[in-house]
Number of protein chains: 2
Amino acid sequence: MAATPYQQLEEEFRRLHAFRGALAVLRWDAAVMMPRGSAEVRGEQLAALETECHALLTSPKVSRLIERAHANAQGLEDWQLANLREMRRERDHAIATPNALVSRLAKATARAEMHWLEARRTGHFADYAPHLAEVVALIRDRAALLGQHLSLAPYDALVDEFSPGVRTADIDTLFKAVGRRLPNLIREAVALQTEKPALPISGKFPAAKQRALALEVLKAIGFPFERGRLDESEHPFTEGIPGDIRVTTRFAPGDAFQGLLGALHEAGHAMYDLGLPQAWRDQPVGRNRGMALEESQSLIIEMLLGRSRPFLAYLKPLLEKHLGVSGPEWEAENLYRHLTRVHRGLIRAEADELTYPAHILLRYELEKELLAGELKVADLPAAWNDRAAARLGMKPASDSEGCLQDIHWAVGQFGYFPAYALGALIAMQLWEALRSERDSLDQEIAAGDFSGLFGWLRERVHASGARMTVQDLVKEASGRPLSAAPALRYLEAKYLEPR
Amino acid sequence: MAATPYQQLEEEFRRLHAFRGALAVLRWDAAVMMPRGSAEVRGEQLAALETECHALLTSPKVSRLIERAHANAQGLEDWQLANLREMRRERDHAIATPNALVSRLAKATARAEMHWLEARRTGHFADYAPHLAEVVALIRDRAALLGQHLSLAPYDALVDEFSPGVRTADIDTLFKAVGRRLPNLIREAVALQTEKPALPISGKFPAAKQRALALEVLKAIGFPFERGRLDESEHPFTEGIPGDIRVTTRFAPGDAFQGLLGALHEAGHAMYDLGLPQAWRDQPVGRNRGMALEESQSLIIEMLLGRSRPFLAYLKPLLEKHLGVSGPEWEAENLYRHLTRVHRGLIRAEADELTYPAHILLRYELEKELLAGELKVADLPAAWNDRAAARLGMKPASDSEGCLQDIHWAVGQFGYFPAYALGALIAMQLWEALRSERDSLDQEIAAGDFSGLFGWLRERVHASGARMTVQDLVKEASGRPLSAAPALRYLEAKYLEPR
């Protein structure tokens, strides 16, 4: 019997999946193993494979098959329908930007990134501004075309790439609720913590010992080392596919926690990817549900689990075993104070759980205004500094710790920032639901048993793959529509508790 | 101006080169870094990329462009013409085997390899025989089709894949000359060495120290660590492309030399690949000239350089520095005796420089007879044992150390074995020419200066890429047609010298 259009599509996307898996290995290798002088040839390999993926998605054959499969959709089951929808989604995102624009964007972002690096170093925004302006103009074109194709407002079309189904109106509602409560919450938390500071923690912790500690913890949470690796790289990342998943972290000899928490963050991503529906592993519907969901899973492990009292009770003897540390500052309660310290700062990447959303809110507002043309690139530094004063309670002394700190805009990633804060809100909403359903969670965690935690996440979140929008997934998993309320409850309970 | 057919071909083969580079990284990773449980998904990625390479080479578009480029060849320069010839060669080899046969061969060799592994373990040839017979039958079909396509005799067509331009008649002449002299030469060498044995060398040499030694030696010969790596794997290999070349070896704690000589062998391959013409690095004419040439380059470094008195004079202080060894058995002259010891054995992979060709000669005869139908697979063990008695002077006690020892036939590699011995002959012919032209070579090597050696190889061998047949290349490099005479002179001088 001849293959149906839908079956032929599955075959095409299976090939796409294999190429993407190959790309993942090449990228991992480039960051972890590759000699530095090989960057150019690796660039050629990555470009050739990416072009192949793009060609596959935008081929007339695939588009024809999608139309024919839609016309014959009555025979398809739920998961197949969802898969077909995701195939179309991927095709639409790929085909909406004409090749000429793709190539102009590639060149403009390469130039902008180079000038951004230099500007961040010197603090001279002006030299970088025209290059950012070019990127903004091209992204504006891209957003308009993408929006047309997807029947979405331009900015929504960009957001949809990272947080499928989420619209500006949703984000506005969520962020407004957070933004209203956050400044006071931060102020109160800082005041409380100043009264009762943590005992200082210091020492030298060799990377090899930190690594052994991280390996033991990752094994305990179920990271499958027979199909995965933990390595070191300049910036932590997760790369790979569910059958070969690789996380990295970076061990700082002066900090016992940074490397471990980095590994836990990445392991959160990895466990999500590993929990995706095995039967659909090489199909679009078997992929993760975008960056917001990915971030929710990494934050649950790094922030909500990793900086909780039960986890630190579990961790304390392991710290003693691997790092040979003991004393009052290494008691679980002091570790908890140490790791939940709230600190006002200008740098997003160094922000804690409580102040982090404020960094995102200001970027979200500014990038919308930039794309809408309401804010000129030349006026970005001033606008950033005003907004920072309002949101963070402090002003950058230089643009390097202001609007030049992130790479995202230089490389054309607009619509991405909201996913960080959405991920945090989703994480806290899922956490609340999980805790309300699982009374024994704290005892399990303190005993080093993480199977209940991951069993719940797998069943409620991971196993859905890309079958639903972000909102539907969160609603089905937690029993309630996505809102900021659980996050605010969580943050108030955690940061305003009487100590 | 529109691109000419030839220019379009270059663009297609540039893409092929990028895919092959990606394949190289994936294979290296599979052998060195990949967690074991990821073999299946890696297999899918490799298969998808290999299919893509095959599709590119056999596409109507490429064939059409090749015809059109040939029709307009008058405007092409020498290197471009050679490149076009190599493009056609690659296309011919790829297109001659119909997809149905490719797929039957893939399945038959997978089955045969499985049964071969089991048969080698148990020594039961009979269980494996029908699977090998199936492979032989399919390879016979393939050789006939390939021969038709290339206007070559069937076996010549197989040989041409590994040793481009070399024909059975050439091999027969060379091997006859070697076969005539070899048995006596081995006998005389063994007798001589028995009179004056080397002092025994033993000890425990930690892998980390051996690795430091190998790194220093590889640096000294010019291995570019900024665009290459040295790692460890079960079997040594070289993988990669000139901009990112990776060699592996295996350090045995009880043997100070195996790991180093393995690394030198692979570095010989790597230096060849690195010396290929940079201007043609992503084109067929910029590739190596097949397995025989590759083997000549690795043997020059491992055998002719690595087991020479000047090199061991250079090595002696490094052994002391890294392994902390000294004493009479570690003097250069004793090291030389130790590393040039001739040992009759049944296993090809363990054979020394002098006995190695005998192993190849017997395989060459047998595989020709198998393919011609003159020897039945069922009669292979008996034929092997008879031939081993004649060629090696000893008979296997079990087929596991006889006709079951090599994987090559099980996986369909017929026509490959001659390349090993051809490589050795080429190595010795090049070495003779090099020494006759460069009086100071020994002093340079003893002083750790390898630039003269590699400069000569680069200019005479590497820089030709795939521009000529094996024979033309050897003739241009050494000034004489390829013959067995230099090899016999070298072996007699080395192994029959009065000690």
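Residues numbered from 1 in each chain as written. Chains lettered and ligands numbered in written order. Predicted model: local features only at pLDDT ≥ 70, side-chain atom pairs only at ≥ 80, totals over all residues.

Here we take up the overall build of chain A. What chain A contains, in helices and strands, is 20 helices and three strands. In terms of overall dimensions, chain A is globule-like: its C-alpha atoms have a radius of gyration of 23 Å, near the 23 Å expected for 499 residues. When its C-alpha atoms are laid out on the principal axes, chain A stretches across 70 × 55 × 50 Å. Pairs at least 24 apart in sequence give 71% of the contacts found in chain A among residues at least 6 apart. (Helix = DSSP H or I, 4+ residues; strand = E, 2+ residues; numbered from the N terminus. Rg over C-alpha atoms; globule rule 2.2 N^0.38 Å. Contact = placed C-beta atoms within 7 Å.)

Residue and element names in this part refer to chain A. As assigned here, chain A comprises domain 1 (1-95) and domain 2 (107-499). Between domain 1 and domain 2, the C-alpha centre-to-centre distance is 27 Å. With 18 residues of domain 1 at the interface, the matching set in domain 2 holds 18 residues. Those elements that provide at least two residues to the side of domain 1 that touches domain 2 are α1 (5-32) and α4 (78-95). A per-element tally of the side of domain 1 that touches domain 2 places α1 first, with 10 residues. Its residues assigned to classes, the side of domain 1 that touches domain 2 comprises eight nonpolar, four polar and six charged. (Domains from an automatic or database assignment. Nonpolar A, V, L, I, M, F, W, Y, C, P; charged D, E, K, R; others polar.)

With that settled, consider the sheet that holds strand β1 (residues 228-232) of chain A. Residues and elements named next belong to chain A. Pairing in this open sheet of three strands is mixed, and the strands run β1-β3-β2 from one edge to the other. Whereas interior strands pair on both sides, the edge strands pair on one side only; in this sheet they are β1 and β2 (238-241). Between one strand axis and the next, the sheet turns through 15 degrees on average, direction left out of account. Summarising the sheet, β2 and strand β3 (residues 244-249) pair through four bridges and their orientation is antiparallel. Each residue of the ladder has a partner; that of I241, found in β3, is D244. Relative to β3, helix α10 (residues 258-275) is tilted by about 160 degrees, and along the sheet it contacts β1, β2 and β3. (Pairing = 2+ DSSP bridges. Axes fitted to C-alpha atoms, helices over the stretch in contact; angles between N-to-C directions.)

Contacts between the two partners involve 29 residues from chain A, matched on the other side by 29 residues from chain B. If you list the elements that add at least two residues to the side of chain A that touches chain B, you get α1, α2 (39-57) and β1 of chain A. Looking at the side of chain A that touches chain B, the element that brings in the most residues is α1(A), giving eight residues. Its residues assigned to classes, the side of chain A that touches chain B shows 13 nonpolar, six polar and 10 charged.

Let's shift gears to the relation of the copies chain A and chain B. Between chain A and chain B, which share one sequence, the superposing operator has a rotation angle of 180 degrees and an axial displacement of 0.0 Å; the RMSD is 0.0 Å. Taken together, the turn and the small shift mark the pair as related by a two-fold rotation axis. (Least-squares fit on C-alpha atoms with pLDDT ≥ 70 in both.)

With that settled, the discussion passes to the sheet that holds strand β3 (residues 244-249) of chain B. Residues and elements named next belong to chain B. In space, the three strands of this open sheet follow the order β1-β3-β2, with mixed pairing throughout. The sheet terminates laterally at β1 (228-232) and β2 (238-241), the two strands that pair on one side only. When the angles between neighbouring strand axes are averaged without regard to direction, this sheet yields 15 degrees.

A word on α2(A). Residue and element names in this part refer to chain A. Under the 1.5 Å per step criterion, the end-to-end length of α2 is 27 Å for 19 residues, consistent within 8% with the ideal 27 Å. Listing the buried residues of α2 in full gives V41, R42, Q45, L49 and E52. Each buried residue of α2 sits inside an arc of 110 degrees when the element is viewed along its axis, so together they form one side. Opposite the packed face of α2, turned more than 90 degrees from it, sit the exposed residues E40, G43 and A55. (Expected span 1.5 Å × (residues − 1). Buried ≥ 20, exposed ≤ 12 C-beta atoms within 10 Å, placed from the backbone. Arc of directions from axis to C-beta.)

A separate point is the environment of R246(B). Residue and element names in this part refer to chain B. Mapped onto the elements of the fold, R246 is located in strand β3. On the basis of neighbour counts, which here come to 28 C-beta atoms within 10 Å, the residue R246 falls in the buried class. Between the C-alpha atoms of R246 and W409, which are 163 residues apart in sequence, the distance is 27 Å. Ignoring any residue separated from it by four or fewer positions in sequence, one finds R246 in contact with W28, G228, R229, D231, E239 and G240.

What follows covers the pairing of β2(A). Alternating positions in β2(A) separate into two faces, T238(A) and G240(A) on one and E239(A) and I241(A) on the other, with burial throughout. In this antiparallel pair of consecutive strands, β2(A) and β3(A), the connection spans two residues.

For the rest of this paragraph, the subject is helix α15 (residues 380-392) of chain A. Residues and elements named next belong to chain A. Relative to the 18 Å expected for 13 residues at 1.5 Å per residue, α15 spans 17 Å between its end C-alpha atoms, a close match to the ideal helical length. Restricting attention to buried positions, one finds in α15 the residues L380, W384, A388, R391 and L392. With its buried residues spanning 80 degrees around the axis, α15 presents them on a single face. Exposed positions of α15 whose direction lies more than 90 degrees from the buried face are A382, D386 and A389. Tucked inside the fold, the buried residues of α15 contact α14 (356-372). G393, located one to two residues past α15, shows a positive phi value of around 75 degrees.

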